[in-house]
Amino acid sequence: MKCCDNIDARMVDETSINIDPIQVGGRLTPEAMKAMISWGDGYSVCDNCRKPFRLDYIQNPPLKEFHADLAEWLGMAQARTVPGARRAFQQVAGTYVEKGDPVLIGALAHYTSYLSVELQKGVVREIPKTKDNLITAENTADRIEDVIREFGTAPKLLYIDHVDYQFGNMHDVKGVAKVAHQYDVPVLYNGVYTVGIMPVNGKDLGVDFVIGSGHKSMAAPAPSGVLAATGERAEEVFRTTKMQGDLSGRTFGIKEVGILGCSLMGAPIVGLLASFPTVKERVKHFDEELANSKIIVDALRSIEGTKILSEYPRKHTLTRVDTTDSFDVVAQTHKKRGFFLSSALGKKGIRGIIPGATKIWKFNTYGMTRKQAEYVADTYLEIAETNGMTIS
Ligand SMILES: *Cc1c(COP(=O)(O)O)cnc(C)c1O
């Protein structure tokens, strides 16, 4: 099947069990797919845009209601949509960080966190991970003190990932936020692997901003994401324009500066909206996702030499494993070398692992049925057995 001459129709999730860490939480619901077709034209949601001419005031489709629901659902005062979590980082950093300002970032953070500070010409200082690959309140306190010594001021902002993308470990956001607030440092909660996956309440966590990714974890098309803030911080990060044209005297109403007026349009925002009921429901069943994940993690653990690098028992469906002493040993002498594993998985309809990776790799079981989880677990064991590995 083709979209046109030079573009194939993509078929991955239709034909396989996908375990790609970044893809599984963003797969569209049928409702979002329909929304993409119907609302895909550029400025489609502007059909019914009336005074005061801002995206989050549009009532048909119900974007206004969606913004209010989103804020409530995240336990925050206000919410906006953004073209990806990274744009939310940019918007928050753009509000608080100026040239030379120190910003604290958990050392397991994504590159986009760092770049959002770079864009402001800020200076990143990292909170180190413990030997268990966790970001802790204790290390946060130490690093704030270090920053004060170095810069003569507390960090202007702190980024903490609830679940990091490298290990899928869950970090003590509450503890970190508490420490940060003792120094009046605003806390940016990175929920790209939690918002839309498990229940998140920014108020309970005590954070200033909650950021989620639509295309990573809310079953929405790219680029999409959410930025929610407390009442106090909302006034700062969602400040409205005061700009005036010097000749024309033109002013621009209540357009928000940080996002250049309106953010998501067309397919991204209507897709986000269309999946929202499903997303709100699915976060209540994360325990079932973890149970499925455990079936696969335990199967891998039973293959001699395999180490789970993520915290165990698992608290998230994204897991990092080290198979240097198991699958990689086979790769040394296999005629397909390192590709034997991805190739064997591919033959069994399992996709999403980097081809050739047999040492350290990640997978995400989110969104599988129990039957699929058992199938994936059995497939790993079968591949191990076929290649003469020991299973305990
Ligand atoms: C994927 C990812 C991002 C970027 O999310 P976008 O929505 O694509 O901008 C940021 N932080 C972490 C930890 C991520 O894993």
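Only a predicted model underlies this, so the values are computations on that prediction, with no experimental measurement involved. (Residues numbered from 1 in each chain as written. Predicted model: local features only at pLDDT ≥ 70, side-chain atom pairs only at ≥ 80, totals over all residues. Heavy atoms only, no water.)

A. Fine view of the overall build of the protein. Check the secondary structure of the protein and you find 14 helices and 14 strands. For 392 residues, the compact-globule formula gives about 21 Å, and the C-alpha radius of gyration of the protein, at 23 Å, lands near that figure. Its C-alpha atoms give the protein principal-axis dimensions of about 75 × 55 × 35 Å. Each of the 392 residues in the protein was classed as buried or not, and the buried ones make up 51%. Partitioning the intrachain contacts of the protein with sequence separation of at least 6 by distance along the chain shows that 66% fall at a separation of at least 24. (Helix = DSSP H or I, 4+ residues; strand = E, 2+ residues; numbered from the N terminus. Rg over C-alpha atoms; globule rule 2.2 N^0.38 Å. Buried < 20%, exposed > 50% of the residue type's maximum accessible area, 1.4 Å probe, protein only. Contact = heavy atoms within 4.5 Å.)

B. Spotlight on the domain arrangement of the protein. Assigned domains within the protein: domain 1 (2–22 + 284–386) and domain 2 (30–283). The centre of domain 1, based on its C-alpha atoms, is set 31 Å off from the matching centre of domain 2. Contacts between the two partners involve 17 residues from domain 1, matched on the other side by 20 residues from domain 2. Considering only the side of domain 1, the residues that lose the most area to domain 2 are Lys284, His316 and Tyr366, jointly responsible for 34% of the buried surface there. Remark: the boundary between domain 1 and domain 2 carries one salt bridge. Glu281 is the salt-bridge partner of Lys284, the closest N and O atoms lying 3.3 Å from each other. At the boundary of domain 1 and domain 2, one finds 14 residue pairs in polar contact (both at pLDDT 80 or more). Among the elements of the structure, β12 (318–322) and β14 (360–364) are those that each provide at least two residues to the side of domain 1 that touches domain 2. Looking at the side of domain 1 that touches domain 2 element by element, the count peaks at three residues for β12. In terms of residue class, the side of domain 1 that touches domain 2 is made up of six nonpolar, five polar and six charged. (Domains from an automatic or database assignment. Buried area = accessible area lost by both parts, 1.4 Å probe. Salt bridge = Lys/Arg side-chain N within 4 Å of Asp/Glu carboxyl O. Polar contact = N/O pair within 3.5 Å; in protein donor to acceptor, adjacent residues only side chain to side chain. Nonpolar A, V, L, I, M, F, W, Y, C, P; charged D, E, K, R; others polar.)

C. Focus on unusual backbone geometry. In this structure, the amide linkage connecting Lys51 to the following residue, Pro52, adopts the cis form with an omega of 5°. With respect to the helices and strands, Pro52 occurs in the loop between α1 (30–39) and α2 (63–73). In this chain, Tyr312 is followed by Pro313 through a cis amide linkage whose omega measures 0°. Here the phi dihedral of Phe53 falls at roughly 55°; this positive angle occurs in a residue that is not glycine. Note on placement: Phe53 falls in the loop between α1 and α2. Of the residues examined, Phe53 reaches a relative accessible area of 42% and is grouped as partly exposed. Phi at Asn133 takes a positive value of approximately 65°, unusual for a residue other than glycine.

D. Just the site of the ligand, in detail. Near the ligand lie 14 residues; those nearest to it are Ala85, Arg86, Ser213, His215 and Lys216. Contact between the ligand and Arg86: an oxygen atom at 2.7 Å from a side-chain N or O atom of the residue. Bound to the protein, the ligand loses 95% of the 390 Å² it would expose on its own. Within the residue set of the shell around the ligand, elements represented by two or more residues are α3 (85–96) and α8 (214–217). When grouped by side-chain class, the residues that make up the shell around the ligand number five nonpolar, six polar and three charged. (Near = heavy atom within 4 Å. Areas by Shrake-Rupley, 256 points an atom, 1.4 Å probe, with all protein chains shown as cover.)

E. Representation of the sheet that holds strand β9 (residues 209–213) in the model. With respect to topology, seven strands assemble into an open sheet ordered β4-β10-β9-β8-β7-β5-β6, the strand pairing being mixed. Each edge of the open sheet carries a strand with a single partner, namely β4 (78–82) and β6 (123–127). Pairwise comparison of adjacent strand axes, ignoring direction, gives a mean angle of 20° for this sheet. Of the strands in this sheet, β4 and β10 (225–229) are in contact with α2, which crosses β4 at around 115°. Contacts from α3 reach β4, β7 (157–161), β8 (187–190), β9 and β10, with the element oriented near 155° to β9. (Pairing = 2+ DSSP bridges. Axes fitted to C-alpha atoms, helices over the stretch in contact; angles between N-to-C directions.)

F. Spotlight on the nonpolar core. In terms of nonpolar packing, the biggest core is built from 49 residues, with Leu70, Trp73, Leu74, Leu158, Val195 and Val210 touching the most fellow members. Elements supplying a minimum of two residues to this core: α1, α2, α5 (137–151), β7, α6 (173–182), β8, β10 and α10 (266–282). Looking at this core, the element that brings in the most residues is α10, giving six residues. Core analysis: the second largest hydrophobic core is formed by 29 residues, Ile296, Ile308, Val330 and Ala373 among them. (Core = buried A, V, L, I, M, F, W, Y, C linked by side-chain atoms within 4.5 Å.)

G. Fine view of the sheet that holds strand β11 (residues 307–308). Read from one edge to the other, the open sheet built from three strands follows the order β11-β12-β14, with strand pairing classed as antiparallel. Only two strands of the sheet have a single neighbouring strand rather than two, namely β11 and β14. As judged from the five bridges shared by β12 and β14, these two strands associate in the antiparallel manner. Along β14, the bridge assignment pairs Thr319 with Phe363.

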